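The chain contents come next:
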Amino acid sequence: MYRNILKIITVFFVMLALIVPVTLEKLPAINEKYDMAKALEDNVLQNYVKASSDAKQEKNPDEILQEKAGFEDDLRIELPDDSEGERQSISVETDALTQTVYVKLKADVDNYFTKYSMTGRSNHIDSMQYYRNGADGVIAITTDKLYQVKQRIENGYLYLSFVNLHDIYDKVIIIDAGHGGRMTGAVRNGIEEKSINLDIVLALKEQLDSYSGGKRLGIFYTRTTDTNPTLQQRAALANKADADLFISVHCNSYEKGNFTAVSGTQVLYSQSDNRELGSKHLAQICMDNVTAATGNRAFGLLPADDIYIIRTSEAPVALVEVGFMTNRQELDNLANTDYQKQAAQGIYNAIMQAFDEGY
C-alpha cells in the first residue's frame, strides 16, 4: 500500500515538473511558483518517508512533560543509565533553519519517552520526537521560535533553557543565498546563479565574522552550502528569529537564452511595509552601498510583494539582484571572486548603515 501511494505521489510531481518549466523563465512570479512546486515535492516525499518509519516516536509535548512548581529551566531531561551523566556522552545542537534542537545520547535506548522522564514547560515547544541514529538516540525538539539554547548537566540530568535572541544580541540579521541544490536559478555559459549567490554570501560571512564594533550581532544564514531550503523555511527563519533585517542575495536575468545590454543592480522590497525604517528604505540603502562598492549602475528599486519571502517577511527585507547574468560583462564580473567580495562589502556596509540609522 505504501509503495502504491508513493508511486502516485511521484507520478503527480513528475507531471508537474514537466508542465511548469515550459514557462519557467517568462515571469519572475512563475519562476517562484516553480521553486515552490519543487520544494513541495521534496517536502511531501521526505515527510512520507518520515511518517512511514516505525523507529520514530512523536509525542505531544503536553503528554510528555511533567510540570514542576518553581522549576527555573525550561526542560530537565533524565539521562539514560549508561550515559552516566557524563558531558562527553551528550551533544546538543540547534538547526536554526528549522528551529529544532537535537539532543544526541550515546545510549542504546529504543523507547526513550516510555523509560525516562522529562520535566518542564511546553510553552516554547511545538513538537518532540525520539529516534535512533546508529548507536545514538536522538531527541528532536522543535520550538515555536529560534532560541539560544543554554545547557548544563547535573546529577544525571540535562537541563535546557531557551533564551530569546534579543536577550543576548543587540541586532539579529538573517542572510539568504538564493536558490541552491537542484534549483540553480539562472544559468548562462554554464555558470549557475546559485553558486554566485552563495559565493557572495560566504564572502559577506567572512566580513561579518570579523566584525569588532560595539553591537552584539546575532547572524544566521538560510544556507552556507549547496542546499535548497524551501521558501517557507527562509521566511520563517527571519520571522521566528524576530530579525531586525532580512537580506536575500540573487542575480538577475532578462530574456531566456539571450544576452542583452540590460545591466545594473536592482533591489526588490515590500510595498506593503510602510514603516519609515521599513523594507523600501532598506532597499535604497542596499542599492546605494552595493553600487558604490562594485561601480555597477543602479537599475532601480522594484516593489515585489508577489515574491513569497518578501510578502511574508515580518522584518524589513531587501532582495538584492546584484547584476544581470544576461549581460556578458556583468556575467564575467559576477563570476569573478574579487567582484563578489566587492558586492559582499557593499551589503556589509548597507547592514552597518541600516543599524546606524536605527533599524
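Further up the page is the structure itself.
Which parts of the structure should I look at to understand the packing of aromatic side chains?
Note on aromatic pairs: each is described by the distance of the centres and the angle between the planes. Using the criterion set out here, one finds eight aromatic pairs in the structure. Here the aromatic rings of Y112 and F113 are separated by 6.1 Å at their centres, their planes lie at 75°, and the arrangement is edge-to-face. There is no split in this pair, since Y112 and F113 are both buried. Ring pairs connect the aromatic residues Y112, F113, Y116 and Y130, which therefore count as one cluster.

Even after reading the chapter, I still don't get the sheet that holds strand β18 (residues 317-324), so can you show me in this structure?
Within a beta sheet, neighbouring strands are joined by backbone hydrogen bonds and run either parallel or antiparallel to one another. Taken together, six strands build an open sheet; the order of strands is β14-β11-β15-β18-β16-β17 and the sheet is mixed. Either end of the sheet is taken by a strand with one partner, and the two such strands are β14 (217-221) and β17 (298-303). Taken pair by pair, the neighbouring strands of this sheet meet at an average axis angle of 20°, ignoring direction. Pairing between strand β11 (residues 171-177) and β14: five bridges, direction parallel. Looking across to β14, one finds that I173 is bridged to I219. Sheet contacts for helix α6 (residues 231-240): β11, β14 and β15 (245-252); angle to β11, the most-contacted strand, approximately 170°. Along the sheet, helix α10 (residues 337-356) makes contact with β11, β14, β15 and β18, crossing β15 at roughly 155°.

Sorry if this is basic, but what is going on with the pattern of salt bridges here?
A side chain of one charge can pair with a side chain of the opposite charge if their charged atoms are brought near each other. Applying the stated criterion to the full structure yields 11 salt bridges. E192 is the salt-bridge partner of K194, the closest N and O atoms lying 3.9 Å from each other. Owing to a relative accessible area of 9%, K194 belongs among the buried residues under this scheme. Relative accessible area serves as the criterion here: at 29%, E192 is assigned to the partly exposed category. Two residues, D226 and K194, come together in a salt bridge whose shortest N-O distance is 2.9 Å. Within this pair, whereas D226 is found in the loop between β14 and α6, its partner K194 is found in helix α5 (residues 193-209), the two being separated by 32 residues in sequence. Exposure remark for D226: the relative accessible area of 44% places this residue in the partly exposed category.

I would appreciate a short explanation of the side chain of D273 in the present structure.
Among the secondary structure elements, D273 is positioned in the loop between β16 (265-269) and α7 (279-294). A polar contact is formed between the side chain of D273 and the side chain of R275, at a distance of 2.8 Å. Residues within four places of D273 in sequence aside, it is in contact with G278, S279 and P316.

What is the right way to read the pairing of strand β3 (residues 75-78) from this model?
Each regular strand carries side chains that alternate between the two faces of the sheet. Sheet topology note: the β3/strand β6 (residues 118-120) ladder contains three bridges and is antiparallel. Counterpart to R76 in the pairing with β6 is T119. Summarising the sheet, β3 and strand β10 (residues 157-164) pair through four bridges and their orientation is antiparallel. Bridging across to β10, L75 finds its partner in L160.

Help me understand the packing of α5 against α10 in this model?
One way to put it is that α5 packs onto α10 with a least axis distance of 8 Å and a crossing angle of 55°. Taken together, the axes of α5 and α10 are oblique relative to one another. Crossing geometry of α5 relative to α10 is assigned as right-handed. Contacts between α5 and α10 involve I196, D199, I200, A203, L204, Q207 and L208 on the former and, on the latter, Q340, K341, A343, A344, Q345, I347, Y348, I351 and M352. Each residue belonging to the contact of α5 with α10 can be placed in one class, and the counts come to 11 nonpolar, three polar and two charged.

So, how was this worked out
Residues numbered from 1 in each chain as written. Predicted model: local features only at pLDDT ≥ 70, side-chain atom pairs only at ≥ 80, totals over all residues. Heavy atoms only, no water. Phe/Tyr/Trp six-rings, centres within 6.5 Å; stacked < 30°, edge-to-face > 60°. Buried < 20%, exposed > 50% of the residue type's maximum accessible area, 1.4 Å probe, protein only. Pairing = 2+ DSSP bridges. Helix = DSSP H or I, 4+ residues; strand = E, 2+ residues; numbered from the N terminus. Axes fitted to C-alpha atoms, helices over the stretch in contact; angles between N-to-C directions. Contact = heavy atoms within 4.5 Å. Salt bridge = Lys/Arg side-chain N within 4 Å of Asp/Glu carboxyl O. Polar contact = N/O pair within 3.5 Å; in protein donor to acceptor, adjacent residues only side chain to side chain. Parallel < 35°, antiparallel > 145°, perpendicular 65-115°, else oblique. Left-handed = near helix turned anticlockwise from the far one by under 90°. Nonpolar A, V, L, I, M, F, W, Y, C, P; charged D, E, K, R; others polar.

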